[in-house]
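Commentary on secondary and tertiary structure
The lines below spell out each chain.
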Amino acid sequence: MTMMTPPPLDQEDDEMLVPHPEFADGPQPMEVAQTETATTAENQQVEDPPSSRFTWTIDNFSRLNTKKHYSDIFIVGGYKWRVLIFPKGNNVDHLSMYLDVADSATLPYGWSRYAQFSLAVINQIHNKYTIRKDTQHQFNARESDWGFTSFMPLSEVYDPTRGYLVNDTLVVEAEVAVRRVVDYWTYDSKKETGYVGLKNQGATCYMNSLLQTLYHIPYFRKAVYHMPTTENDMPSGSIPLALQSLFYKLQYSDSSVATKELTKSFGWDTYDSFMQHDVQELNRVLCEKLEDKMKGTVVEGTIQQLFEGHHMNYIECINVDYKSSRKESFYDLQLDVKGCRDVYASFDKYVEVERLEGDNKYHAEQYGLQDAKKGVLFIDFPPVLQLQLKRFEYDFMRDTMVKINDRYEFPLQLDLDRDNGKYLSPEADRSVRNLYTLHSVLVHSGGVHGGHYYAFIRPTLSDQWFKFDDERVTKEDIKRALEEQYGGEEEVIRFTTTDLSNFLCFLYHSDFFPLPASLQLPQTNPGFNNTPFKFTKYSNAYMLVYIRESDKEKIICNVDEKDIAEHLRIRLKKEQEEKEHKKKEKAEAHLYTIIKVARDEDLAEQIGRDIYFDLVDHDKVRSFRIQKQLPFNVFKEEVAKEFGIPVQFQRFWLWAKRQNHTYRPNRPLSPQEEAQSVGQLREVSNKAHNAELKLFLEVELGLDLRPLPPPDKTKEDILLFFKLYDPEKEELRYVGRLFVKALGKPSDILTKLNELAGFSPNEEIELYEEIKFEPTVMCEHIDKRLTFRSSQLEDGDIICYLKSPAIDSDDQFRYPDVPSFLEYVHNRQVVHFRSLEKPKEDDFCLELSKLHTYDDVVERVAHQLGLDDPSKIRLTSHNCYSQQPKPQPIKYRGVEHLSDMLVHYNQTSDILYYEVLDIPLPELQGLKTLKVAFHHATKDEVVIHSIRLPKNSTVADVINDLKTKVELSHPNAELRLLEVFYHKIYKIFPPNEKIENINDQYWTLRAEEIPEEEKNLGPHDRLIHVYHFMKDPNQNQMQVQNFGEPFFLVIHEGETLAEVKARIQKKLQVPDDEFSKWKFAFLSLGRPEYLQDSDIVSSRFQRRDVYGAWEQYLGLEHSDTAPKRAYTANQNRHTFEKPVKIYN
């Protein structure tokens, strides 16, 4: 049996960033238990994948001091696997866990394998709280491990009450199923269905499903096409043009379409594309943007005409003649799923009348408090009705978001005039027939913390449905589009591959999905029927689009090329032609060789502008695509036509990569080589089997600048290239090349070099050889008295020269010679600085050197900001993967050079973030900052204070500092500091405890006045913990949830519960009617024992605390009606999605 387990209540979104470490050979494979499983891919039968479960017990977990920790090797499907964990997190405050291909370093080139797998941290106290996360991945050499960077918060791992770490032992479990995949790429959506899909950028399936739905509303598409754009607009900077381009490609392309231009037009970066957002929010924001951009154009008002409806909120008094109403517009309707069996039940609930009476009477003008009816009725519905199903709700009992997977039916035809128009207001136009037909069903497959999105659409409202699942489009029947998206439970009679096909299809296509908690897989027993079992269907509809029957002809209109602006047609047809051309080139690439020809003109154009080292960037020279069987001499004729250089004046040199990683012309082609074919010549010249052939074209020019035949070259002739450096202008440029004799000396060519530079013939010059530039610059002075051979110069070498400095000159140059200038250029780095408060916006740029020290960098930043004290600048490096600042800033002088600040793993960034502190950074680093929530003794308020003190300070120092900032009930009040976690008090800090080790990131630090009664405890008085709690209706009845503010209470010997209750009511100031509903219980280790008013409270509490005082407490059971305090977010309990923003 395979057991599926639920995620934790406060689990964060799964982040699928994977490391790329180098792997050492591990230990021998361990034996693992084989589990029986089966799978199918959609419309494709494949054999059952081999699968295994591996359990890894990690002893002394808290003592692990390595960044990475690997399990033993286990084998599944004939492959070696292991689990990789980061015990302290992979640069996050979460446990990071991955599945790793153990022998990736030794596998043959091009290896690949596909696996579905789950990783789990076992709860050793209550197995049902085990945290398990599932995914699938195509493993290869570049991505040999895959998993979850934020698997679970470290605070939960180390919390002794949670049950994950017991006796310093952590138990990790991996279930792996290796799939033999039918080739996904052989499927042609356009050929099979006539439609194409959208490419997923990382986690943009939610956007893809919405875009497909909008595209298949032809009236909307036509309006988008008619939005005015110009040929000068760029799609990446214009939402209308990007959407027009996307829709055009969906309409006319033969393959799936990318959405990068559109997301760039939104102002999104890579990080946004990997962040799942709320579809309803994206729909609203996108429509608002389009509505705004349509203003003043021929399509102004289209969004309102399509999607806008109106309803009336009313309050009507029962006993007097008074009615209040307010008209409001809507673009979509949010319908309740919980407690409703279908769409009609949701509409019934939407217009349900609420009675305002008793304490909730309505205050009517002139009439005072009155009994009244309150409700909503619809004035009109839009032609395109968008229904957002409330599948995601906040569960107040569990204090977390949950997904509602209940069965919820929706009809193919929706009649909103039913029961004599009970949904309509009196002023509604009854002549409009509100009969709707279903157009689209948008589906979410997964759980509250992630999943996959796709859409079922009827583009023409025919009987044929289509499933749009990212790049893939398939034909579907009505059962798949409707009934199977209702949600609820599905009963399976026997455990077979067929029975599980729908569920495993969901697994196969999901992005980040939690597996069903309720799935129980019984063992099959041939010859016997297995007991029926049910599992919750986690794929269900969350958005419905209906089109009104009377508007169908208008909405489902014809959209063709005449609706598309001419400039857009031309632009997109050109893009398509280029794409087809590239595709053709790629298909025929094996028949051709790319020849890149560099000339003196290229060197002169590039050196000192695009490049400084070596001679040329081959990607910026003229390239020729030549058939391999073509004779090289025929290619020379092509060159003659292109450059106007007759064949007899051309001489070609091969380039060679030297051992020092420079790339120079090496030798001229021989007549025998020029007689060969292009393909043969490439193979001779290129040992790396590159498809390109790189050549240097030598052309000699006479005094009249006409080409001459190339001179004879012997072994004694050396071809040298020359660059000229001007230290005053800090400029380097190419001036030409010369043949010199190996036994000649530089002094023989000084006059010629002066001529090339435009100097007088007798100008004194200094010569340097540019030897290499990676990893460091090597540029050495040349002795003009030595021969070229003695100086070890050869074909393709580069000599840089400049005027010799005059002895009596007072000129002071930053870089007076060639080596210093090349060193500067090599280490030059333009850095984009951003304020940490505005991490997406460049503030200013500075040209710095990679060799600049920490002090150099902060001094330049301080000077740019006009700040006198550079030590008040704090810098933070850039995370190249998330495109965000790293979580931890750079410590004062914590790195040596600028280059260290810019490196993130194997990538280099050019972004740094800065802050201006109120005190110098070294001083701040010597301080400890604590966030303390102060609870006022008499007022119902909590104020957060940041206390900043030296690290060697004590809790007493914190309290003394806090006293200067807070309002006390009386001048002599004493304070104490408490550690609160999940609504329980775990510790009273002693005044002499050092603050350096106090952690306020996971625990809440609470300060409060010590009540007078606690200061004068009698010998038989007890100080007990009192916590609020309620039972979790979704768990076992004995499972309790704590909430609210815990507190201490003094109980006296012999005191009854009735007496204690009276003091608690007075302390908390709870009204009688509410307090009468409260229940009181003694709780030990989470088990409530309810008390009667006559019970003696003190007899329940032990004198000695066996499990910790926080596990024995007086519990107050009641519902949680208090508003959530903002500061509780500091406990990392609530995780919310980032809001959708379209910046442009």
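This is a predicted model, so every value here is computed, not measured. (Residues numbered from 1 in each chain as written. Predicted model: local features only at pLDDT ≥ 70, side-chain atom pairs only at ≥ 80, totals over all residues. Heavy atoms only, no water.)

1. Digging into the overall build of the protein
- Secondary structure assignment for the protein yields 28 helices and 59 strands.
- Burial analysis of the protein (1144 residues in total) assigns 51% to the buried set. (Helix = DSSP H or I, 4+ residues; strand = E, 2+ residues; numbered from the N terminus. Buried < 20%, exposed > 50% of the residue type's maximum accessible area, 1.4 Å probe, protein only.)

2. Things to note about the packing of aromatic side chains
- Applying the stated criterion to the full structure yields 47 aromatic pairs.
- Taking the centre distance of 6.1 Å and the plane angle of 45° together, the rings of Phe-635 and Phe-652 count as tilted. Of this pair, Phe-635 sits in helix α17 (residues 632–643) while Phe-652 sits in strand β32 (residues 651–657), and the two are 17 residues apart along the sequence.
- Of the residues examined, Phe-635 reaches a relative accessible area of 0% and is grouped as buried. (Phe/Tyr/Trp six-rings, centres within 6.5 Å; stacked < 30°, edge-to-face > 60°.)

3. Structural notes on the nonpolar core
- One finds Phe-220, Phe-247 and Phe-307 to be the most contacted residues of the largest nonpolar core, which totals 55 residues.
- Per-element tally for this core: the top contributor is helix α5 (residues 239–252), with eight residues.
- The two domains that each donate at least three residues to this core are domain 2 (190–304 + 568–584) and domain 3 (307–490).
- Excluding its chain neighbours within four sequence positions, the residues that come into contact with Phe-307 are Leu-214, Ile-217, Phe-220, Cys-287, Phe-330, Tyr-331, Pro-382, Val-384 and Gln-386.
- Grouped together as the second largest cluster of nonpolar side chains are 40 residues, Phe-378, Leu-389, Phe-410 and Leu-544 included. (Core = buried A, V, L, I, M, F, W, Y, C linked by side-chain atoms within 4.5 Å. Domains from an automatic or database assignment. Contact = heavy atoms within 4.5 Å.)

4. Considering helix α25 (residues 955–963)
- Turning to α25, its buried residues number three or more, namely Val-955, Val-958, Ile-959 and Leu-962. Down the axis of α25, the buried set is contained in an arc of 95°. They therefore lie on one face.
- In this structure, the buried residues of α25 make contact with β50 (927–935), β51 (942–950), β52 (975–981) and β54 (1004–1009). (Arc of directions from axis to C-beta.)

5. Re the packing of helix α3 (residues 205–215) against α5
- Viewed as axis vectors pointing N to C, α3 and α5 meet at an angle of 75°, and their least axial separation amounts to 11 Å. Looking at the two axes, α3 sits roughly perpendicular to α5. Along the contact surface, α3 presents Leu-211, Gln-212, Leu-214 and Tyr-215, while α5 presents Leu-243, Leu-246, Phe-247, Leu-250 and Gln-251.
- Class assignment for the residues of the contact of α3 with α5 results in seven nonpolar, two polar and no charged. (Axes fitted to C-alpha atoms, helices over the stretch in contact; angles between N-to-C directions. Parallel < 35°, antiparallel > 145°, perpendicular 65-115°, else oblique. Nonpolar A, V, L, I, M, F, W, Y, C, P; charged D, E, K, R; others polar.)

6. Digging into unusual backbone geometry
- Residue Pro-775 is bonded to the preceding Glu-774 through a cis peptide linkage, with omega at -5°.
- Secondary-structure assignment places Pro-775 in the loop between β39 (765–772) and β40 (778–781).
- Despite not being glycine, Asp-614 has its phi angle at roughly 60°, a positive value.
- Structurally, the position occupied by Asp-614 is in the loop between α16 (600–606) and β31 (622–627).
- Its relative accessible area of 9% is what places Asp-614 among the buried residues.
- In this model, Arg-893 sits at a positive phi of 55°, which is unusual for a non-glycine residue.
- Topologically, Arg-893 is positioned in the loop between β46 (884–885) and α23 (898–902).

7. What about the sheet that holds strand β15 (residues 354–356)?
- The strand order β13-β12-β18-β15 describes an open sheet built from four strands, whose pairing is antiparallel. Each having just a single partner strand, β13 (323–330) and β15 make up the two edges of the open sheet. In this sheet, neighbouring strand axes are inclined to one another by 25° on average, regardless of whether the strands run parallel or antiparallel.
- In this sheet, strand β18 (residues 372–380) lies alongside strand β12 (residues 309–317) in antiparallel orientation, the contact comprising eight bridges. When the bridges of β18 are listed, Tyr-314 appears paired with Gly-375. (Pairing = 2+ DSSP bridges.)

8. A few points about the environment of Ile-122
- Relative to the helices and strands, Ile-122 is located in the loop between β7 (112–121) and β8 (131–140).
- Accessibility expressed as a relative area gives 13% for Ile-122, which makes it buried.
- Distance in space between the C-alpha atoms of Ile-122 and Thr-57 is 9.9 Å, their sequence separation being 65 residues.
- Once residues lying within four places of it in the same chain are set aside, the contact partners of Ile-122 are Asn-127, Thr-130, Arg-132, Gly-163, Tyr-164, Val-171 and Glu-173.

9. Some remarks on the packing of helix α4 (residues 218–225) against α5
- Where α4 meets α5, the closest approach of the two axes is 9 Å, and the angle between their N-to-C directions is 130°. In terms of orientation, α4 and α5 fall into the oblique class. Here α4 and α5 pass one another in a crossing that is left-handed. Of α5, the residues touching α4 (which contributes Phe-220, Arg-221, Val-224 and Tyr-225) are Leu-243, Gln-244, Phe-247, Tyr-248 and Gln-251.
- In terms of residue class, the contact of α4 with α5 is built from six nonpolar, two polar and one charged. (Left-handed = near helix turned anticlockwise from the far one by under 90°.)

10. Details of the pattern of salt bridges
- A complete count under the given rule lists 72 salt bridges for this structure.
- Across the pair Arg-814 and Glu-730 runs a salt bridge whose closest N-O atoms are separated by 3.0 Å. Placement of Arg-814 in the loop between β41 (797–803) and α21 (818–827) and of Glu-730 in the loop between β37 (717–726) and β38 (731–741) is noted, with a sequence separation of 84 residues between them. (Salt bridge = Lys/Arg side-chain N within 4 Å of Asp/Glu carboxyl O.)

11. Things to note about the sheet that holds strand β34 (residues 692–698)
- Across the sheet, five strands lie side by side as β31-β30-β34-β32-β33; this open sheet has mixed pairing. Across the chains shown, the open sheet's two edge strands, defined by having one partner strand only, are β31 and β33 (663–668). Across the sheet, the axes of successive neighbouring strands diverge by a mean angle of 40°, strand direction being ignored.
- Alignment of β32 against β34, held across four bridges, turns out to be antiparallel. Looking at the pairing, Leu-654 lines up with Leu-695 of β34.

12. Remarks on a positive patch on the surface
- A cluster of basic residues, Lys-199, Lys-260, Lys-264, Lys-579 and Lys-583, forms a positive patch at the surface.
- Of all elements in the fold, only α6 (260–265) and α15 (566–587) reach the threshold of two or more residues within the positive patch.
- Among the structural elements, Lys-260 can be located in helix α6. (Patch = residues over 30% accessible without salt bridge, like charges linked within 9 Å, V, L, I, M, F, W, Y side chains within 5 Å. Areas by Shrake-Rupley, 256 points an atom, 1.4 Å probe, with all protein chains shown as cover. Lys, Arg positive; Asp, Glu negative; His and termini not counted. Charge placed at Lys NZ, Arg CZ, Asp CG, Glu CD.)

13. Quick word on the confidence of the model for the protein
- Summing up the model confidence of the protein, the mean pLDDT is 82 and the portion of residues at 70 or higher is 84%.
- Here residues 1–48 scores under 50 on pLDDT; set against residues more than four positions off or in separate chains, the count is 154 contacts.
- In this model, residues 270–276 is a region of pLDDT below 50 whose contacts with residues beyond four sequence positions or in other chains number 29 contacts. (pLDDT = per-residue confidence, 0-100.)

14. Details of the side chain of Lys-133
- Inspection of the secondary structure puts Lys-133 in strand β8.
- Reaching out from Lys-133, the side chain makes a polar contact with the backbone oxygen of Phe-151 at a distance of 2.8 Å. (Polar contact = N/O pair within 3.5 Å; in protein donor to acceptor, adjacent residues only side chain to side chain.)

15. Quick notes on the pairing of β13
- Looking at chain direction, β12 and β13 are connected through eight bridges and run antiparallel. Along β13, the bridge assignment pairs Glu-316 with Lys-323.

16. A word on the pairing of β52
- Within β52, seven of the seven residues are buried, which leaves the element mostly enclosed by the surrounding structure.
- Side chains Leu-975, Leu-977, Glu-979 and Phe-981 project from β52 onto one buried face, and the interleaved Arg-976, Leu-978 and Val-980 project onto a second face that is buried too.
- Relative to β54, β52 runs antiparallel, the two sharing six bridges. Bridge pairing in β54 places Glu-979 opposite Leu-1005.
- In this structure, β52 lies alongside strand β53 (residues 984–988), joined through four bridges in antiparallel fashion. Directly across from Leu-978, in β53, lies its bridge partner Ile-988.
- Turn length for the β52-β53 hairpin, with the two strands adjacent in sequence and antiparallel, is two residues, and the turn residue Tyr-982 shows positive phi of about 50°.

17. Re the environment of Val-1040
- Topologically, Val-1040 is positioned in strand β56 (residues 1040–1051).
- Sequence separation of Val-1040 and Phe-1029 is eleven residues, and the distance between their C-alpha atoms is 6.4 Å.
- With sequence-adjacent residues up to four places away left out, Val-1040 is seen in contact with Phe-1029, Met-1030, Lys-1031, Leu-1083, Gly-1086, Pro-1088 and Tyr-1113.

18. Examining a negative patch on the surface
- A contiguous patch of negative charge on the surface is contributed by Asp-188, Glu-192, Asp-254 and Glu-580.
- By the secondary structure assignment, Asp-188 is in the loop between β11 (169–179) and α2 (189–193).
- A relative accessible area of 33% places Asp-188 in the partly exposed class.

19. Here's the deal with the side chain of Ser-256
- With respect to the helices and strands, Ser-256 occurs in the loop between α5 and α6.
- Ser-256 sits in the buried class, given a relative accessible area of 14%.
- Of note is the side chain of Ser-256, whose polar atom sits 3.3 Å from the side chain of Glu-471.
- Sequence-distant contacts of Ser-256, that is, excluding residues within four places in its chain, are made with Val-196, Gly-197, Lys-199 and Glu-471.

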